[in-house]
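# Coordinate inspection notes
Letter by letter, the chains look like this.
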Protein chains: 4
Amino acid sequence: MAQEDFHYKSEFRVRFGETDLQGVVFNANYLLYTDTTQLDYFRHIGVPYDEVRQQGHDIYLVDTHIQFFAPARFDEVIESFTRISEFGNSSLKMVFEMYEKDSSCHLATCLSTYVIVTEETGKPTRAPAYLRAAVRDFEGDLSIEAE
Amino acid sequence: MAQEDFHYKSEFRVRFGETDLQGVVFNANYLLYTDTTQLDYFRHIGVPYDEVRQQGHDIYLVDTHIQFFAPARFDEVIESFTRISEFGNSSLKMVFEMYEKDSSCHLATCLSTYVIVTEETGKPTRAPAYLRAAVRDFEGDLSIEAE
Amino acid sequence: MAQEDFHYKSEFRVRFGETDLQGVVFNANYLLYTDTTQLDYFRHIGVPYDEVRQQGHDIYLVDTHIQFFAPARFDEVIESFTRISEFGNSSLKMVFEMYEKDSSCHLATCLSTYVIVTEETGKPTRAPAYLRAAVRDFEGDLSIEAE
Amino acid sequence: MAQEDFHYKSEFRVRFGETDLQGVVFNANYLLYTDTTQLDYFRHIGVPYDEVRQQGHDIYLVDTHIQFFAPARFDEVIESFTRISEFGNSSLKMVFEMYEKDSSCHLATCLSTYVIVTEETGKPTRAPAYLRAAVRDFEGDLSIEAE
């Protein structure tokens, strides 16, 4: 996928505390980065996480696959692109691609699957209309069924 | 203070992910270590944190002072000693001393102040009897007022 | 895979600082857990990470796939089983299965691919003899070519 | 101290992964925040950390005192003000004040002492001229001795 295939990116600088003794970003922090990007994305399309919870829903990560291509280093700026690549009844998939900004070096790609649940029970539920509409408005090209 | 002045210690091994590019434990992780030690201590004296919450209370950290004497490194085992040094009406102070186990090298000392609150309101409240009793039984030498 | 298929497990207690506002372990920490388990495993089979580095090698995570089945909570003890499932020329795959100890609830499964590199260049290199031998001695059942 | 007494601030949004089961930012992350702010400050005054290391120096945190006034929550924007309050021969003190941006709620204050060392030996050394000059140019009002 190319950067042009994404309509959203988060941008952040690698913190000192995110590095490890290998001198690069510790691997678990890529999952922190995708998590942050995911919630940035939802805020951006008009569905901040707090509102999802207030509506009685929650979003659980159930599956993630990360490929590491090159290490990120302290003080580098990371562009973290994301898009929703699939939107099912009660689940959705997001692709993340991270690049070092100055060099456009491709750092990592991540594919994550999330399930929408009823907050109280933790059980999967059909994605609510407000979420469905926000994603359809933003991504446009997904075959999201109408309510 | 000497190690003998403590009746409790936690022991744990430094994780790779806790180091930073200086090759040593990242400074914020010492606060993770004292937090972990504090909750280990309360579990040990018979007051696990979950129970504190079930009783409608919570414990907030309000002040912490850490002195760093020597860096800890990956794979070292840390002995983290702690004791309650003061126990007031709605607050308590804990001292933490951390040592590298093999060398007994003194890594850090921390003095933290906690406030006991009503969970629902977050307002300070007199330390409940079960907490007061557990601390008195374990530390013995604190001038904790009777209920 | 069943727990009996593993010859090694790490055991650790969920720290307060590893939880998030959902009240469960934050997803990125599962990668911290597998990383810790991986290095515990290598120490256990006689190849501590420091020695790998002293020998001029390093081990890079290049691909990880995590499935999340159930959330872990504060104070729970996690059993993190691992084994090397494939050992190639310059790469190896490890499977991780994490369980909540008391209930044997299956929390997560992770499959990670690592590459062995020359520390100075970061380029893949044939897994060194001492690593090959240690893995063969411990796992026994892998078709690891002799030197 | 008032916000006007500071010539520099970092600004960042609380990440989901920085919260804990109390629903607020985990205490150790305040130290991550001050660490990030400190390095942002040095970059801003023209002394990025990488350059300090390239010049053969390093900066160690030796003492930190944090007071927590109010909890920060997910998605809030934090303004983290800092200034150098003292600059000695081989050490310096920095004050940090953190506020929730929207409400100007005062979250925490931190006073940290750092020592400048020779990277190779880890021994304290007189603060180098380039660091001394950069701080004098930026803060202006410190009695930093001339070289």
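Cut-offs applied
Residues numbered from 1 in each chain as written. Chains lettered and ligands numbered in written order. Predicted model: local features only at pLDDT ≥ 70, side-chain atom pairs only at ≥ 80, totals over all residues. Heavy atoms only, no water. Helix = DSSP H or I, 4+ residues; strand = E, 2+ residues; numbered from the N terminus. Buried < 20%, exposed > 50% of the residue type's maximum accessible area, 1.4 Å probe, protein only. Contact = heavy atoms within 4.5 Å. Areas by Shrake-Rupley, 256 points an atom, 1.4 Å probe, with all protein chains shown as cover. Lys, Arg positive; Asp, Glu negative; His and termini not counted. Charge placed at Lys NZ, Arg CZ, Asp CG, Glu CD. 1 Å grid on protein atoms, 1.4 Å probe; cavity = no way out; pocket = protein on both sides within 12 Å on 5 of 7 lines; lining within 4 Å. Points joined across faces, edges and corners; volume = space filled by probe spheres on them. Buried area = accessible area lost by both parts, 1.4 Å probe. Salt bridge = Lys/Arg side-chain N within 4 Å of Asp/Glu carboxyl O. Polar contact = N/O pair within 3.5 Å; in protein donor to acceptor, adjacent residues only side chain to side chain. Nonpolar A, V, L, I, M, F, W, Y, C, P; charged D, E, K, R; others polar. Least-squares fit on C-alpha atoms with pLDDT ≥ 70 in both. Pairing = 2+ DSSP bridges. Axes fitted to C-alpha atoms, helices over the stretch in contact; angles between N-to-C directions.

## Considering the overall build of chain A
- Across its full length, chain A carries three helices and five strands.
- Seen along its three principal axes, the alpha-carbon backbone of chain A occupies a region of about 50 × 30 × 20 Å.
- Counting every position in chain A, which comprises 147 residues, the buried fraction comes to 57%.
- Within chain A, contacts between residues separated by at least 24 positions form 64% of all contacts whose residues are at least 6 apart in sequence.
- Looking at chain A as shown, the accessible area adds up to about 5,900 Å², and 45% of this sits on carbon and sulfur atoms.
- Distance between charge centroids for chain A: 2 Å, based on 13 positive and 25 negative side chains.

## Considerations on empty space enclosed by the protein
- Counted under the stated rule, the structure contains two cavities of 30 Å³ or more.
- When its volume is computed, the largest cavity comes out at roughly 610 Å³.
- Residue lining of the largest cavity: 29 residues in total, with N29 of chain A, G17 and N29 of chain B, N29 of chain C together with N29 of chain D positioned closest to the centre.
- If you list the elements that add at least two residues to the lining of the largest cavity, you get α1 (28-44) of chain A, α1 (28-44) of chain B, α1 (28-44) of chain C together with α1 (28-44) of chain D.

## Some thoughts on the interface of chain B and chain C
- Taken residue by residue, the interface counts 16 residues in chain B and 16 residues in chain C.
- Counting the surface lost from both chain B and chain C, the interface buries some 1,500 Å², and carbon and sulfur atoms represent 54% of this.
- For the pair chain B and chain C, the interface holds four salt bridges.
- Across the pair E18 of chain C and R15 of chain B runs a salt bridge, and its minimum N-O distance is 2.9 Å.
- The tally of links between chain B and chain C comes to four residue pairs in polar contact (both at pLDDT 80 or more).
- Put simply, the parts of the chain that give the side of chain B that touches chain C at least two residues each are β1 (8-13), α1 and α2 (49-54) of chain B.
- It is α1 of chain B that contributes the most residues to the side of chain B that touches chain C, six residues altogether.
- Along the lines of polarity and charge, the residues of the side of chain B that touches chain C split into seven nonpolar, two polar and seven charged.

## Side note on the relation of the copies chain C and chain A
- With an RMSD of 0.0 Å, the operation that places chain C on chain A is a rotation of 180° combined with a shift of 0.0 Å along the axis. Both copies are brought into coincidence by an operation consistent with a two-fold rotation axis. No C-alpha of chain C lies nearer the rotation axis than that of H65 of chain C, which sits 2.1 Å from it.
- A shared interface surface links the copies, since 100% of the contact residues of chain C are contact residues in chain A too.

## Focus on the interface of chain C and chain A
- Each partner contributes to the interface: chain C provides 21 residues, whereas chain A provides 21 residues.
- Roughly 1,800 Å² is buried in total at the junction of chain C and chain A, and carbon and sulfur atoms are behind 54% of that figure.
- Connecting chain C to chain A are zero salt bridges.
- There are 14 residue pairs in polar contact (both at pLDDT 80 or more) connecting chain C and chain A.
- At the level of secondary structure, the elements contributing two or more residues to the side of chain C that touches chain A comprise α1, α2 (49-54) and β2 (57-68) of chain C.
- The element that contributes the greatest number of residues to the side of chain C that touches chain A is β2 of chain C, accounting for 11 residues.
- Partitioned by chemical class, the residues of the side of chain C that touches chain A number 12 nonpolar, five polar and four charged.
- Across five bridges, strand β2 (residues 57-68) of chain A lies against β2 of chain C in antiparallel orientation. Pairing of Q67 of chain A across the sheet is with D63 of chain C, part of β2 of chain C.

## Observations regarding the pairing of β1 of chain B
Residues and elements named next belong to chain B.
- Of the two faces of β1, only one is covered, namely that formed by Y8, S10 and F12; the face formed by K9, E11 and R13 stays uncovered.
- With six bridges joining them, β1 and strand β3 (residues 77-87) adopt antiparallel strand pairing. By the bridge assignment, K9 is partnered in β3 with F81.

## So, the relation of the copies chain B and chain C
- The operation relating chain B to chain C is a screw motion whose rotation component is 180°, with 0.0 Å of axial translation and a residual RMSD of 0.0 Å.
- A shared binding surface is used by both copies, with 100% of the interface residues of chain B retained as interface residues in chain C.

## Looking at the sheet that holds β2 of chain C
- Read across the sheet, 10 strands follow the order β1(A)-β3(A)-β4(A)-β5(A)-β2(A)-β2(C)-β5(C)-β4(C)-β3(C)-β1(C) without closing on themselves; strand pairing throughout is antiparallel. At either end of the open sheet lies a strand with only one pairing partner, and these are β1 (8-13) of chain A together with β1 (8-13) of chain C. The average angle at which neighbouring strand axes cross in this sheet is 25°, direction not considered.
- Across 11 bridges, the pairing between β2 of chain A and strand β5 (residues 105-118) of chain A is antiparallel. Each bridged residue has a counterpart across the sheet, and for Q67 of chain A the counterpart in β5 of chain A is T109 of chain A.
- Sheet strands in contact with α1 of chain C are β2 of chain A together with β1, β2, β3 (77-87), β4 (91-100) and β5 (105-118) of chain C, and its direction is about 115° off that of β4 of chain C.
- Across the face of the sheet, helix α3 (residues 129-139) of chain C comes into contact with β1, β2, β3 and β5 of chain C while running at roughly 115° to β3 of chain C.

## Quick notes on the pairing of β3 of chain C
All names here are of chain C.
- β3 sits mainly inside the fold: nine of its 11 residues count as buried.
- The pairing of β3 with β4 spans nine bridges and is antiparallel. Among the inter-strand pairings, T82 is bridged to a residue of β4, identified as F96.

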